[in-house]
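What follows is the residue order along each chain.
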Amino acid sequence: MTGYLGVDRSLTGRRWIGPAPDVTRHAEALVQQTGLPPALCQTLSRLGVAAEDVQTYLEPTLRALLPDPRSLRDMERAATRILQAVRSRERIAIFADYDVDGGASAALLIDWLRQLDRKATLYVPDRIDEGYGPNEPAMADLARDHDLIICVDCGTLSHGPIAAANGADVVVLDHHLGGETLPDAYAIVNPNRQDEDGVLAHLCAAGVVFLALVEAGRQMREAGAKGPDLMSMLDLVSLATVADVAPLKGVNRALVRQGLKVMGQRARPGLVALCDVGRLDTAPKSYHLGFVLGPRVNAGGRIGKADLGARLLCCTDTHEAKAMAERLDALNTERRDIEEAVRAQALEQAEERGFDAPLVWAAGDGWHPGVVGIVASRLKERTNRPSIVIGFDGDDGKGSGRSVSGIDLGAAIQKLASEGHLQKGGGHKMAAGLSLSRDQLEPAMARLTELLAKQGADELGASDLRLDGPLMPGAATPELVEQLEEAGPFGAGAAAPRFVFPDVQIGFAKRVGSSHLKLSFGDGLGARIDAICFGAFDGRLGPALEQHGGARFHLAGRLEINEWGGRRSVQLRLEDAAEASGGLA
């Protein structure tokens, strides 16, 4: 199949894929039926929105989309037990995973309990010393001093550790893929239990915790009591949903949309401090949650103190929050340096094995377990293949994997563990973690390759660039960008619109910093747009556009509004380009 606009190999080596004919026909019908701009209708059509659903899609509300919490198994039982602990002033512990989802889930519960004048002990395991999820010594210790342990973003596969919590009830609020049998906990609420219908499988752990608090609120109202303000906590749910790469569909869209509004009010000291160290001077969008705030919250669990992110998110003192955010910012910078060193070695190793296999993997001694997941993401992005990166400390290896759309990595890793190829392993469709010995490495990767091949991972082509269609510079107005944002939030499962400006002429192009490119372009009819391309000089894109020699190009990317000196203008975040050989023909 010939690429869109004839582009089979762009300056970044990708084939361009335009909208399918049926998507374009539906978009044209939407224009006629709704009167909305063609670019917006093209986006809505690609997202599968019917004409009668356009208005509700553009204005997602929790009232319309929030599911009944009791549709999840054990939910009513879990909420009742938590409320019993509150009313009886029992000692409560929260065992949380060390990533954004775990930290935000813990902060939700701590905030909720605080509004009820109750406290909880926070326990976040050390990534290196303890690894992911509950462990027997920690659970036994917590059980000695607590009546109720709530495991968030973990626990579904923790049979031994939960059994070790003698004397305490354990409630699990999780979203990771469940096994054939469940631990003997008081309640396990998880939309990815094998006995669930999967309707809410897209929820992250914080979404599950939020539903549990909704159910607790309902029970409190039925008892004639008023519960805490849950709407004010949606900033935490939105952060976790985006940072954990949960699909932005159904109720997740409403949670993120409303959560961004709450975050924009700057009422939570931890998130305010995080926005400030991230130099975020505009209202946050889903992009900022995933690429500015999320990595900083994660930095503590990756290479620093595991509970730092969670403590920041539930912090109420502005000075403490500022100090913690600055520490996380410094750790994030350190994390990037460590990541780069591991990435270079992993890429070289994986390239030697070849990028065409169903699985791309790399393993090395001394690779920091806090960055192997990010490096796996880089390999996945580079190869469009499921990727695993493993760091060894002596004979013990800890690894992390990332998948591509259509390939269930979590299920494959879980099968691998059940067959005895791993010491431990689990996850969900798009991400997984594992532990194994050095002797297990080669057989495990060979078997995982077989399992992924059965899912069609060896049939994936090179990563294509998917485009929503052409756009002329004169049509790219701030008003259009605002209308496009109403079709968001964008992220996993709902990619942001990406347009191509065909056959345009570059005005100026200059290098910015070490590897970025800034340029302006127009179509010769008077309209001009500025563009920025990050990392352009890491490949062919930057040099080719900087030394354009008067050639005309197709420029592809995403639109955003640039605010500077009181002016608002449209800017293209340039992702790719191809030399125009004949305009639109």
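Owing to the predicted nature of the structure, the values given are computational and were not obtained by experimental measurement.

Observations concerning the packing of helix α6 (residues 100-115) against helix α10 (residues 234-243)
Axis separation between α6 and α10 bottoms out at 8 Å; the angle between their running directions is 165°. Judged by the inter-axis angle, α6 sits roughly antiparallel to α10. As α6 runs across α10, the sense of the crossing is left-handed. Residues Val100, Asp101, Ala104, Ala107 and Leu108 of α6 lie in contact with α10, whose contacting residues are Leu236, Val237, Leu239, Ala240 and Ala243. Considered class by class, the residues forming the contact of α6 with α10 number 9 nonpolar, no polar and 1 charged.

Let's talk about the nonpolar core
The biggest cluster of nonpolar side chains holds 85 residues, and the ones touching the most others in it are Trp112, Val152, Leu173 and Leu239. For this core, the leading source of residues is helix α9 (residues 205-222), giving 10 residues. Residues contacting Leu239, with those up to four places away along its chain left out, are Val100, Met263, Leu271, Leu289, Leu293, Gly294, Val297 and Leu313. In terms of nonpolar packing, the next biggest core, distinct from the first, is built from 42 residues, Ala39, Val49, Leu480 and Ala487 among them.

So, the packing of helix α13 (residues 286-303) against helix α15 (residues 318-353)
α15 packs onto α13 with a crossing angle of 70° between their chain directions and a minimal axis gap of 8 Å. As the angle between them shows, α13 and α15 are arranged roughly perpendicular. Each of Pro295, Arg296, Val297, Ala299, Gly300, Arg302 and Ile303 in α13 lies in contact with α15, whose residues at this interface are Leu328, Asp329, Leu331, Asn332, Glu334, Arg335 and Ile338. Counted by class, the contact of α13 with α15 contains 7 nonpolar, 2 polar and 5 charged residues.

Concerning the environment of Gly103
Along the chain, Gly103 turns up in helix α6. Of the residues examined, Gly103 reaches a relative accessible area of 3% and is grouped as buried. Sequence-wise, Gly103 and Tyr123 are 20 residues apart; in three dimensions their C-alpha atoms are separated by 10 Å. Apart from the residues within four sequence positions on either side, Gly103 is in contact with Asp97, Ala310 and Leu313.

Some points on the sheet that holds strand β16 (residues 552-564)
Read around the barrel, 5 strands follow the order β13-β14-β15-β17-β16 and close on themselves; strand pairing throughout is mixed. For this sheet the average axis-to-axis angle between neighbouring strands, irrespective of direction, equals 45°. Where strand β14 (residues 516-522) and strand β15 (residues 528-533) come together, 6 bridges link them in antiparallel fashion. Among the inter-strand pairings, Gly522 is bridged to a residue of β15, identified as Arg528. Contacts from helix α19 (residues 478-485) reach β13 (499-512), β16 and β17 (567-579), with the element oriented near 85° to β16.

Side note on the sheet that holds strand β9 (residues 396-402)
Spatially, β7-β8-β9-β11-β10 is the arrangement adopted by the 5 strands of the open sheet, whose pairing is mixed. Of all the strands in the sheet, just β7 (360-365) and β10 (424-427) have a single pairing partner and so form its edges. Adjacent strand axes in the sheet meet at a mean angle of 15° when their direction is disregarded. As judged from the 4 bridges shared by β10 and strand β11 (residues 431-437), these two strands associate in the antiparallel manner. Among the inter-strand pairings, Gly425 is bridged to a residue of β11, identified as Leu434. The sheet strands contacting helix α17 (residues 409-418) are β8 (387-393), β9, β10 and β11, and the helix crosses β11 at an angle near 25°.

With respect to the pairing of strand β2 (residues 92-96)
A large share of β2 lies buried, amounting to 5 of its 5 residues. In this sheet, strand β4 (residues 148-152) lies alongside β2 in parallel orientation, the contact comprising 5 bridges. Bridging from a neighbouring strand, Ala93 pairs with Ile149 of β4. Relative to strand β3 (residues 121-123), β2 is paired through 3 bridges, and the arrangement is parallel. Along β3, the bridge assignment pairs Phe95 with Tyr123. At this point the chain moves from β2, through α6, to the parallel β3, and the crossover so formed is right-handed.

Notes on the packing of aromatic side chains
Per the stated rule, a full pass over the model turns up 3 aromatic pairs. Note on Tyr287 and Phe291: the rings are 5.1 Å apart at their centroids and 25° apart in plane angle, and the pair reads as stacked. Linking Tyr287 with Phe291, this pair stays in helix α13, spanning 4 residues, or about one helical turn. A cation sits over an aromatic face here: Arg438 above Phe392, 4.5 Å from the ring centre. Note that Arg511 overlies the ring of Phe537, its terminal NZ or CZ placed 4.0 Å from the centroid.

Cut-offs applied
Residues numbered from 1 in each chain as written. Predicted model: local features only at pLDDT ≥ 70, side-chain atom pairs only at ≥ 80, totals over all residues. Heavy atoms only, no water. Axes fitted to C-alpha atoms, helices over the stretch in contact; angles between N-to-C directions. Helix = DSSP H or I, 4+ residues; strand = E, 2+ residues; numbered from the N terminus. Parallel < 35°, antiparallel > 145°, perpendicular 65-115°, else oblique. Left-handed = near helix turned anticlockwise from the far one by under 90°. Contact = heavy atoms within 4.5 Å. Nonpolar A, V, L, I, M, F, W, Y, C, P; charged D, E, K, R; others polar. Core = buried A, V, L, I, M, F, W, Y, C linked by side-chain atoms within 4.5 Å. Buried < 20%, exposed > 50% of the residue type's maximum accessible area, 1.4 Å probe, protein only. Pairing = 2+ DSSP bridges. Right-handed = clockwise from strand over helix to strand, strands pointing away. Phe/Tyr/Trp six-rings, centres within 6.5 Å; stacked < 30°, edge-to-face > 60°. Lys NZ or Arg CZ within 6 Å of the ring centre and 35° of its normal.

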